[in-house]
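# Structural overview for review
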Amino acid sequence: MTSICIYFEVHQPTRLNRFSVFNVGKNSDPLSTYFNNELNFWIFEKVAKKCYIPTNKILLNLINESDGNFRISFSLTGTFVEYCEKYMPSLLDSFKDLFATGAVDLIEETYFHSLSSLYDDLDEFEEQVTMHNEMIKRIFNYKPRVFRNTEAIFDNRIAKKISEMGYKGILTEGTEKILDWRSPNYIYKPVNADIKVLLRNYTLSDDVGFRFSARGWPGYPLTADKYANWLASCQGDLINLFIDYETFGEHHWIETGIFDFLDNLPNEVMKHRHLDFVTVSEAVERYEPVGEINVPWAISWADADRDVSTWLGNNMQIACFNEIKEIGKAIKQKNDKEFLYIWRLLQTSDHLYYLSTKGMQDGAVHAYFSPYSGPYEGFINYMNILQDLKQRI
Amino acid sequence: MKIAMIGWEYPPFKAGGLATHCYGITHSLAENGVKIDFYMPKTKQKSYSNTPNLKIIEVGETDIFPYDRPDTKELAGLFYDAVYRYNDIVVAKVQNNIKKHGKYDLIHCHDWLTMRAGVTLKEKTGLPLIITIHSTEYDRAGWLYPNQWFIDMERYGMEKADKIIAVSHFTKRVIIEKYGIKPDKIEVVHNAVYPIHEGQKQEIVLFLGRLTIQKGAEFFLKAAQKVKEHEPNAQFVVAGTGDMLPRLIDQAIYLGISDRVIFTGRLTEEEVKHIYSISSVYVMPSVSEPFGITALEAISAGTPTIVSKTAGVAETFKNCLKVDFWDTDEMANKIISILKYDPLRSTIAQEGKQEIDLFTWNRVAIQTIDVYNKVVK
């Protein structure tokens, strides 16, 4: 038996307003001047219509039609859930409906989709994980057993912390950097902690996430039966397909046939007798580690480098990262709830992602997601806001 | 392949980017095996070439070189006379050389200054004609009151040419929309740069260019006033000369920044390199800029650069900052940010220098030869 473990990341950052050096120290209310509510609502609504609403509907149908044999997992970031509660409660209801089928699992992460796991102390990280935990408890009355860090950032230190916090499993990237010749299609265990690691099969995940509508790709056009055959020919216990939820309808538009692909996938997979679907919790329960991984330097699933250079690859990114850490010390002393919340919204990793100066293929992906005309404009804006926040406290 | 290229300026004589371009393209074409006779007006400082395949042929004589627009009627009259005279002499000289040394494969001209000669030669010899458009009358007039005489001259040349090389997609669009030329006749070849050494940086914010309406120095001064309030130690340098110089000096006094602004007048090539190398920010706020080689020069010297959004260079070069030329608040925001945030300065300088490596004259030559091959029979 080989199990297919499909997991979707659902996230929206809180994008920033235009903020020039002339605004620093001049404005009254940071919540309304730092964040571009209009743009954020516009993007959220656009993506909801193109992706979240139709995809949730398809998934619910597929689960019901398959009598719960089609099983999936989600991680919903805190910032995403806040958008739902503020602008579109019905969307949150549709996630609740999915969860109510019993075929859907929820994954823990930091509430703010932040890089707090890379700070010198892990106390802020732990607080943000706890916030997420409380949010899932409040909305779904559920306690996740598996953790996935921001963009699958992972190292020994994070694994140990998450294990100590009581989680049974953790997700990250199945990169050769840590596997060498070994297959990602098994469960592993960190050298220093007692927790099961699920490794993303990046080739098969990116076939859907990145390459689905690429006409130059030999796999084009990708149909559900072709893809199911690829899955069926894989060796191993477990194939982890971790995919950005916006793949459906947003990165690949409806015209590419991505929804038809999704609609047909469960049936095509289940034609193969030795394949079934599991949630992340079930994967962790069912399979045992076959080996150890040692990850002293942080990896992630981002860009071709599969490390944290996506967020900390140049001087501008490192300067902002250090600045936000520094501001944190003062904020925690001040003990002001609103400032703490603003500081945390500013920690969302996307703010640093926009400042990446990587060239070539990755650069095109960065530009696609960025609300700025380039990384330098992004830096000026973000740094000006950090300077303003610093002056206030 | 052997070509006759007809130019107007060439180092050491230099009024603008055209000389830089002609120097770069002739040398790199020669290195790629193209034999070039480069025709230009005789100047006081003699131009010469030590490069095999490249011969510089000086013809005629003129003292009048307003690259841009003659500012008085009298000068204009003399200037047009000089241009006509030069074009006529070039035609005779090229025909003479064909008789003596054999045929060329094509004629390549630059801008309106040399179009008449190009078209006449095409008609007399039947050789294909290539014209590179570095700027149009609309650019030079800053899109205000363009002179019909120049426009007609430019259209005449463009219509007769077999292929037009535009220095940017921006310019290609102007040629299509304003001159009615068919898009498939126009090829875009972006400019390049010979890198300049980086020097000891000082807190200098630099403008460098002809002081004409096209280059937008007045917006630079407006931004400077806003920067001064924030960064009182910043020094602003306006390098170059042109018909707007007196107005700009008045403007600096009026804005209360004359203590922070230095007007250098025309600089020598060595001085230009030096000022690029020690500046912390270069601003090119052109109202209309077909390409903007100066931006590449500044970037190559490790100077973070802010350019007009519509400049040709902005459509192809990533590691620079882009603003609307009229948005002096944003221009000031960016200047201050570069002065204030070291990580921004170092990242943009480093990434910019890497990207500059792609902008070689050799690449320009290879793309130009591709265009040649399309017209050579």
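Rules used throughout
Residues numbered from 1 in each chain as written. Chains lettered and ligands numbered in written order. Predicted model: local features only at pLDDT ≥ 70, side-chain atom pairs only at ≥ 80, totals over all residues. Heavy atoms only, no water. Pairing = 2+ DSSP bridges. Helix = DSSP H or I, 4+ residues; strand = E, 2+ residues; numbered from the N terminus. Axes fitted to C-alpha atoms, helices over the stretch in contact; angles between N-to-C directions. Phe/Tyr/Trp six-rings, centres within 6.5 Å; stacked < 30°, edge-to-face > 60°. Lys NZ or Arg CZ within 6 Å of the ring centre and 35° of its normal. Contact = heavy atoms within 4.5 Å. Buried < 20%, exposed > 50% of the residue type's maximum accessible area, 1.4 Å probe, protein only.

### Focus on the sheet that holds strand S7 (residues 186-188) of chain B
All names here are of chain B.
- The seven strands lie next to each other as S3-S2-S1-S4-S5-S6-S7, forming an open sheet whose pairing is parallel. Where the open sheet ends on each side, the last strands, each with one partner, are strand S3 (54-59) and S7. Mean inter-strand twist for the sheet, computed between neighbouring axes without regard to direction, equals 20 degrees.
- Where strand S1 (residues 2-6) meets strand S4 (residues 106-110), four bridges bridge the pair, whose relative direction is parallel.

### Thoughts on the packing of aromatic side chains
- Following the criterion strictly, the structure yields 55 aromatic pairs over all chains and no others.
- Aromatic side chains Trp 112 of chain B and Phe 150 of chain B sit 4.8 Å apart centroid to centroid with 75 degrees between the ring planes, which places their arrangement in the edge-to-face category. Of this pair, Trp 112 of chain B sits in the loop between S4 and helix H3 (115-125) while Phe 150 of chain B sits in helix H5 (residues 148-160), and the two are 38 residues apart along the sequence.
- Ring centres 5.2 Å apart and planes at 65 degrees place the aromatic pair Phe 219 of chain B and Phe 325 of chain B in the edge-to-face group. With Phe 219 of chain B in helix H7 (residues 217-230) and Phe 325 of chain B in the loop between strand S13 (321-323) and helix H12 (328-340), this residue pair connects regions lying 106 residues apart in the sequence.
- Here a set of aromatic residues connected by ring pairs shows up, and it is made of Phe 8, Phe 41, Phe 44, Tyr 52, Phe 74, Phe 80, Tyr 83, Tyr 87, Phe 95, Tyr 245 and Phe 248 of chain A.
- Directly above the aromatic system of Tyr 202 of chain A lies the positively charged group of Arg 306 of chain A, at a separation of 4.8 Å from the ring centroid.
- The side chain of Arg 140 of chain B reaches across the aromatic face of Phe 150 of chain B, ending 5.9 Å from its centre.

### Some thoughts on the sheet that holds strand S8 (residues 204-208) of chain B
Residue and element names in this part refer to chain B.
- Pairing is parallel across the open sheet formed by six strands, whose spatial order is S10-S9-S8-S11-S12-S13. Bordering the open sheet on either side are strand S10 (261-265) and S13, each of which pairs with just one other strand. The mean inter-strand angle of the sheet, taken between neighbouring strand axes irrespective of direction, is 20 degrees.
- Where strand S12 (residues 305-308) lies against S13, three bridges are found, and the strand directions are parallel. Bridge pairing in S13 places Ile 306 opposite Leu 321.
- On top of the sheet, H12 reaches S8, strand S11 (281-284), S12 and S13; it is set at about 160 degrees to S13, its chief contact.

### Considering the environment of Phe 22 of chain A
- By the element assignment, Phe 22 of chain A lies in the loop between strand S1 (2-10) and helix H1 (30-34).
- Non-local contacts of Phe 22 of chain A, meaning those with residues more than four positions away in its chain, are made with Lys 226, His 230, Asp 329, Ala 332, Asn 333 and Ile 336 of chain B.

### What about the environment of Thr 14 of chain A?
All names here are of chain A.
- Mapped onto the secondary structure, Thr 14 falls in the loop between S1 and H1.
- On the accessibility criterion, Thr 14 (10% relative accessible area) is buried.
- Taking the C-alpha atoms as reference, Thr 14 lies 20 Å from Ile 318; in sequence the two are 304 residues apart.
- If we ignore the near neighbours within four places in the chain, the residues touching Thr 14 are Phe 35, Asn 40, Thr 79, Tyr 83, Leu 345 and His 351.

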